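# Chains, contacts and geometry: an overview
Read off the chains here:
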Amino acid sequence: MLHIAVCIKQVPDSREMRIDPKTNTLIRQGAPAIVNYFDLRGLEAALQLKDEFGARVTVLTMGPPSADKAIKECIAMGADEGILVSDRGFAGADTLATSYVVGQTIDKAGEVWGPVDLVFCGKQTIDGDTGQVGPGVACRLDYEQLTYVEKVESFDPNTREIVVHRHLEDGVERVQAKLPALITALAEMNKPRRASLPGVLRAARYQPIVWTTNDFTDLDRSKIGLRGSPTVVGRSWVPEQKPVNTKILTGDTVNQVAEDLFTALFATELPGKLGWVQEG
Amino acid sequence: MAEEKKSRPAVGLQPEGDVDWSQYRGILVVVEQRDGVAKKVSWQLLGEARRMADKLQAPLMALVLGHQVGHLVKEAFAYGADQVFLSDAPILQDYRTRSYSRVCLQVIREYKPEIVLIGATYTGRDLAGAIATHVPTGLTADCTQLDVDENRLLNATRPAFSEKMVATILCKQFKPQMATARPGVFAALPRDDARSGQVIEIPPQIEESEIGTRVLEFIQERQGINLEDAEVIVAGGRGVGSPEGFRLLQELADVLGGVVGATRPVVEAGWIGHEHQVGQTGSTVRPKLYIAAGISGAVQHVVGMQHSDYIVAINKDPEAPIFSGAHYGIVGDLFEVIPALITAAKARKTTHVS
Amino acid sequence: MAEERFDCVVVGGGPAGAAAAYTMAKAGLKVALIDRGEFPGAKNVFGGVLFRSQLEDLLPEFWKEAPLERLIVEERLMLLDEQGMVTLSHRNPGFADPPNSWSAMRAQFDAWFAGKAEKAGAVPVYQTTVTELLQEGDRVVGVRTDREDGDLYADIVIVADGVNSLLGKALGVHREWQPDEVSLGVKEIIHLPRNVIESRFNLEGNEGASIEFLGDTLGMTGLGFLYTNKESISIGVGIMVNDLQKARVKPYAVLDHVKQHPYIRKLIAGGEVEEYAAHLIPEGGFHSMPPLAGNGWMICGDAAQMVNAVNGEGTNLAVLSGRLAGETAILAHVRGDYSLGMLDHYNESIRASIVFKDLKKYSGIHGLLSGPERRVLFGKLPGVLNESISDYMSVNGITKEEKQKMLIHQLRDAAGGNVELLRLGLKGWRAINR
Ligand SMILES: Cc1cc2nc3c(=O)[nH]c(=O)nc-3n(C[C@H](O)[C@H](O)[C@H](O)COP(=O)(O)OP(=O)(O)OC[C@H]3O[C@@H](n4cnc5c(N)ncnc54)[C@H](O)[C@@H]3O)c2cc1C
Ligand SMILES: Cc1cc2nc3c(=O)[nH]c(=O)nc-3n(C[C@H](O)[C@H](O)[C@H](O)COP(=O)(O)OP(=O)(O)OC[C@H]3O[C@@H](n4cnc5c(N)ncnc54)[C@H](O)[C@@H]3O)c2cc1C
Ligand SMILES: Nc1ncnc2c1ncn2[C@@H]1O[C@H](COP(=O)(O)O)[C@@H](O)[C@H]1O
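None of these values were measured; they are calculated from a predicted model.

### Overview of the sheet that holds strand β18 (residues 328-331) of chain B
An order of β15(A)-β18(B)-β17(B)-β16(B)-β14(B)-β15(B) is seen for the 6 strands of this open sheet, with the pairing classed as parallel. What marks the edges here is a single partner per strand, and that holds for β15 (247-248) of chain A together with β15 (259-262) of chain B. On the sheet, helix α6 (residues 254-266) of chain A packs against β16 (289-293), β17 (310-315) and β18 of chain B and is oriented at approximately 175 degrees with respect to β18 of chain B. Sitting on the sheet, helix α5 (residues 243-256) of chain B touches β14 (232-236), β15 and β16 of chain B, and the angle it makes with β14 of chain B is about 170 degrees.

This is the structure we're talking about:
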């Protein structure tokens, strides 16, 4: 049977994050944790393949113990198994170390439930926001890499070929790839399903599989966590909001307001830059 | 290449034993192109890298790769490169991660740049992520500021947490130091066709049989929507009320020579396509003029457009947060304001023409 | 349909539902706890004080681990007029041992409490709304939810879905609220640094203060409250809906007005509003309590009008009723009997409990709060009292005896004459002493 792995990350809901005005640091505490927006698209895509062709779907995340909530959410939607890779030793990982551990986890999941044919990641996380983990994992596993996918056009279980649409800045690329492959999902890909009640009940009782550093047989400890992360944060700060002097245009009629706006805009360098035609 | 075996790439933290990092010199910029036309960000990066290379007193290198892209070598010099690597082969016709990353790795391993910069486009990010893992080295994504310090360290600065914070990322122990940089942030140097330099050909060491992907076709964007490159964006939110409402915005966009943008809820409601979405989970845009109509101004939207040169907000709620970041605000019903703007814009343009 | 069957489905993960689910799960019953919120408490609102008594019976020493804000050591009752106030203030260090009450945030507390039920074995079913009850004849046999395959069958359904109780309405035991049976509470959470709160309210460590106030609510029947949290202040007012309707005032206008009061203003100065919420409070009391059980169902907490409007108690009554419903369910489970005859045991235990006694004691209050006297009580009286006391305190050559006479005069005038003053006093007395 097709074995699909879905990489997810629990992220703080950015709507709820505040900046501490005194220390100028981010208050992450209290911001509810959600499953990264794009990762749920990846999961939905995996579940659609499962619905059509039959597949085993394994979700996995490297994160703190509290990320078991994220796993359960995916189980409720229909994933078969969920793995939480959690250990102090993994903490402080940058994208290089993360992709190493995620790659190892997929390998190990392959040993347990059969080789992984397809991996879904999100386009990027809304906190780390790098989009580097997906390509990193593909590279570690030596899978074909299909990033920024907005659609799975077709999949042939016999030839093990998949055709996807990659959405780039200037157009759409139709790409065919042989499995095994890794796909990173865009928001356009689908709308994640709402879990059914039996799904919720299953998730409520489900205990995610937890793997610590000791569960991996040949984990290279120099490649994980802080030690395995070449990048370091030198300095971080809250950018000064360049104060915008908002001018509220008030006029007796909308036509007056519209005129005022264009008068104001034409007084700037905009028309020159935009090639607008100046008034005679 | 010996170390590039098909089975499993050799990924581990940096070469065993002592490495002589001092051999790594110079900045390499990877030039992105489609059909022989370079992406603007490539030249923007060369411009910024030129400054840093001079500071480091090291060469600025550009890597041009593709098929029938030789003419870009001249452009790379014209925009500031001292040395250009050219890898021109049919196998590089389409961008594919395996072939392109292989060529980049060849150059990195042989010519040892201390810094590698790639545009933070979709293709650039795809490529950079693969290369950095192979090398392996640290990679900083989507930078908005770049500099080098007295220790020859790349200070790669990028926004984090929905642009609520900014962080400078360093990669102290490995070379090359890698970063992708956001399009539209840096300025290209004025083109100087008199400049030239050494060209080094790089024959790609990869066979078609090693590559598991095939590009079947490329479909140029339907309506030519390219938010990231747009200079004028007329964006609408829930206040626009319906798919029909967006026609009105389109009309204003047409008059101003711009494109239409949207917030996530309206995209999710299906009023307009996903490619129009601006914000954290959509596109980050930097137009010269951004008109926001019927948009409340949620952070997730604002992070995607706050760096626009001029922002005009139209909202009937005077308390809408969108006003606080706007240069011009119009409190009113967009269904009255937008038609008035269309009329006014048309009037301005026709007065001159006639 | 979910193939599983439960011994009991609890609808609503507020204090009532969590208490019921915890009680039953601990006894080994197979329980599902359904809440529509992202997690229980996500959208739940209360003024902000949690009492020890009933919760302790269920979770001894819960305060050692529950997410609470401050231990209330000082309580003030203030009568406000436009400028001044008369305060009755009571500080008792003894409140700390054993503690009496705490300020708390529902989003944290409810989630914690429901988590206790989960740990005891209740199956959490959140982000799920119950849309209707499944019935067979006159028996309730389960619930229908808004999820796919969303029917859930159980021997007993415990309805704890709060003040608007959709399911109570479906059962026919819960009418639409009359405007004189509910008040609308509006509340803001205002952020202030810890040290500012401590110095303004004369507190140390995790000590907290609670202030309740009467008057200056634009003449409408209502009470205001102000509680100190760790790093914020909860301030709000609850106003009878009929008054709001009559005066055509928005409740937050009343809150804004109260926040401008010269004394209150200083307590919250410099703070930033973090959250804003509004919620109904059942005030009907004893007379509004519906039948509490039927074939296959029981109802508790706000859904059953169990709020003591006088003392601002609701969560404790919810907890108590939830526990009693849970205990009855356990008994019913043992006997395999889920009929009204069996479940009426819950009704009886409620009637024998403090919930019932307190509500009965104050059962006249409702009449007082909705009758004509409320104009005096919430309108004129606080003002006059302030004026009189002010006169009384001033050193201005008038003898104290004279002043006392004046005070009584003024109060009498405010009440509309001697008889009225007497009547008011008597009514008030009766209202709380039956
Ligand atoms: C993880 C995550 C990621 C997100 N990513 C994005 C993203 O990338 N992009 C994005 O946009 N959002 C995103 N959102 C959603 C975001 O939080 C807001 O919900 C969204 O931006 C609000 O869209 P809106 O302004 O169209 O709608 P609303 O907030 O409903 O605002 C509508 C506005 O229209 C005004 N209005 C109504 N009628 C009229 C009229 N006739 N004339 C003038 N004004 C009128 C109203 O006063 C109001 O201010 C994200 C949310 C999450 C949780
Ligand atoms: C402004 C204000 C101030 C107050 N101050 C205090 C105070 O200081 N001290 C105090 O002790 N009490 C106070 N109370 C009263 C107290 O909040 C309530 O009495 C108490 O919360 C009742 O608990 P409950 O479990 O019955 O209902 P709720 O707490 O309302 O819980 C009901 C739960 O059911 C869920 N639900 C509802 N319908 C459905 C459905 N169809 N499907 C699934 N789930 C559903 C809701 O999400 C909610 O979690 C105050 C109330 C207000 C409004
Ligand atoms: N800790 C993690 N565990 C599992 N998957 C992850 C983790 N971090 C990132 N990913 C995956 O990689 C994608 C890109 O993440 P990022 O590179 O952080 O933007 C995410 O959408 C996830 O699918």
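### Comments concerning the packing of aromatic side chains
A full pass over the atoms with the stated rule returns 16 aromatic pairs over all chains. Arranged with centres 6.4 Å apart and planes meeting at 90 degrees, the rings of Phe90 of chain A and Phe216 of chain A form a pair that is edge-to-face. Here Phe90 of chain A is found in the loop between β7 (81-85) and α3 (95-113), whereas its partner Phe216 of chain A is found in the loop between β13 (209-211) and β14 (231-237), with 126 residues between them in sequence. With relative accessibility at 3%, the residue Phe90 of chain A sits in the buried group. Of the residues examined, Phe216 of chain A reaches a relative accessible area of 7% and is grouped as buried. Here the aromatic rings of Tyr148 of chain A and Tyr122 of chain B are separated by 4.1 Å at their centres, their planes lie at 20 degrees, and the arrangement is stacked. You can see Tyr148 of chain A sitting in strand β9 (residues 144-156) and its partner Tyr122 of chain B sitting in helix α4 (residues 122-134), one on each of two chains. Here the two residues Tyr148 of chain A and Tyr122 of chain B agree in accessibility, since each one is buried. For Arg235 of chain A, the ring lying beneath its charged end belongs to Trp237 of chain A, and the centroid distance is 3.9 Å. The cationic tip of Arg348 of chain B hangs over the ring face of Phe266 of chain A; the distance from NZ or CZ to the ring centre is 5.1 Å.

### Thoughts on the state of the cysteines
Enumeration according to the criterion identifies 0 disulfides over all chains in this entry. Cys121 of chain A provides the cysteine sulfur closest to Cys7 of chain A, a residue in no disulfide bond, and the two sulfurs are 3.6 Å apart. For Cys7 of chain A, a relative accessible area of 10% translates into the label buried. Free of any disulfide, Cys143 of chain B has its nearest neighbouring cysteine sulfur in Cys171 of chain B, separated by 12 Å.

### Side note on the interface of chain B and chain A
Contact residues are listed per partner, giving 94 residues for chain B and 92 residues for chain A. Interface of chain B and chain A: buried area, both sides summed, is about 8500 Å²; carbon and sulfur atoms make up 56% of it. Contact with chain A buries area across many residues of chain B, yet Tyr122, Phe161 and Arg348 of chain B alone supply 11% of it, more than any other trio. Our enumeration of links across chain B and chain A arrives at 8 salt bridges. Between Glu144 of chain A and Arg98 of chain B there is a salt bridge, with its nearest N and O atoms 3.0 Å apart. Counting across the interface, chain B meets chain A through 32 residue pairs in polar contact (both at pLDDT 80 or more). The biggest single contributor to the side of chain B that touches chain A is helix α8 (residues 334-353) of chain B, with 10 residues.

Rules of the game
- Residues numbered from 1 in each chain as written.
- Chains lettered and ligands numbered in written order.
- Predicted model: local features only at pLDDT ≥ 70, side-chain atom pairs only at ≥ 80, totals over all residues.
- Heavy atoms only, no water.
- Pairing = 2+ DSSP bridges.
- Helix = DSSP H or I, 4+ residues; strand = E, 2+ residues; numbered from the N terminus.
- Contact = heavy atoms within 4.5 Å.
- Axes fitted to C-alpha atoms, helices over the stretch in contact; angles between N-to-C directions.
- Phe/Tyr/Trp six-rings, centres within 6.5 Å; stacked < 30°, edge-to-face > 60°.
- Buried < 20%, exposed > 50% of the residue type's maximum accessible area, 1.4 Å probe, protein only.
- Lys NZ or Arg CZ within 6 Å of the ring centre and 35° of its normal.
- Disulfide = S-S within 2.5 Å.
- Buried area = accessible area lost by both parts, 1.4 Å probe.
- Salt bridge = Lys/Arg side-chain N within 4 Å of Asp/Glu carboxyl O.
- Polar contact = N/O pair within 3.5 Å; in protein donor to acceptor, adjacent residues only side chain to side chain.

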